[in-house]
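Listed below are the residues making up each chain.
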Amino acid sequence: MANAASGMAVHDDCKLKFLELKAKRTYRFIIYKIEEKQKQVIVEKLGEPANGYEEFTANLPADECRYAVYDYDFMTEDNVPKSRIFFIAWSPDTSKVRSKMIYASSKDRFKRELDGIQVELQATDPTEIGLDVIKSRAGGAA
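Parameters at a glance
- Residues numbered from 1 in each chain as written.
- Predicted model: local features only at pLDDT ≥ 70, side-chain atom pairs only at ≥ 80, totals over all residues.
- Heavy atoms only, no water.
- Phe/Tyr/Trp six-rings, centres within 6.5 Å; stacked < 30°, edge-to-face > 60°.
- Helix = DSSP H or I, 4+ residues; strand = E, 2+ residues; numbered from the N terminus.
- Salt bridge = Lys/Arg side-chain N within 4 Å of Asp/Glu carboxyl O.
- Buried < 20%, exposed > 50% of the residue type's maximum accessible area, 1.4 Å probe, protein only.
- Contact = heavy atoms within 4.5 Å.

Participant: Mind showing me how you'd approach the packing of aromatic side chains here?
Facilitator: In the structure shown here, the tally under the stated rule is eleven aromatic pairs. Between the aromatic rings of Y67 and F110, the centroid separation amounts to 5.0 Å while the plane-to-plane angle is 20 degrees, which identifies the pairing as stacked. Note that Y67 is positioned in strand β4 (residues 66–75) and F110 in helix α4 (residues 97–113), a separation of 43 residues in sequence. Ring centres of Y72 and F86 lie 6.2 Å apart, and the angle between their planes is 80 degrees; on these two criteria the pair is classed as edge-to-face. A residue pair is termed long-range when its members are at least 10 positions apart, and Y72 in strand β4 and F86 in strand β5 (residues 81–90) qualify at 14 residues.

Structure representation (structure tokens):
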């Protein structure tokens, strides 16, 4: 079981889209899914730059695990616009145990593929990735 999980391949598209988000800000968010049959991580959904945080969280399934990246814009206390790239490991309590194990065991390897993540969050329910949590972790003005 552990070997199968850690042998997860990462589709090239995952890195490509992340680089586009990081360098060109082509996307607001990316949601990644593990395809168990192909044993690889794929891009499931891309959020347009105009998409807000609500649209991002609305695209996370209520009872399935996902990895996600969100590009969060905020103002510092000195009114300087900044952004932080969040990596979110979404593992709802209601998801299958096997799925939670696969996502947990593949997370670090997958995250290493995405160079430029600034903040990591683990979440088991929507309150753990509320906008207030994002704001406080980003280090912006409250």
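Participant: Would you mind showing me how to read the pattern of salt bridges here?
Facilitator: If charged atoms from side chains of opposite charge come close, those side chains can pair. If you walk through the whole model with that rule in mind, you get eleven salt bridges. One salt bridge in this structure joins R28 and D73, with 3.0 Å as the shortest N-O distance. One end of the pair, R28, is in the loop between α2 (12–24) and β2 (29–35); the other, D73, is in strand β4, and 45 residues separate them in sequence. We classify D73 as partly exposed; its relative accessible area is 36%. The residue E120 makes a salt bridge to K111 at a minimum N-O spacing of 2.4 Å. For E120, a relative accessible area of 23% gives the class partly exposed. Within this structure, R25, R28, D71 and D73 form a network of salt bridges that share partners.

Participant: How do you make sense of the side chain of K17 when you look at a structure like this?
Facilitator: Tracing the backbone through its elements, the reader meets K17 in helix α2. Those residues within four positions of K17 in sequence are excluded, and the remaining contacts are Y27, I30, V43 and L46.

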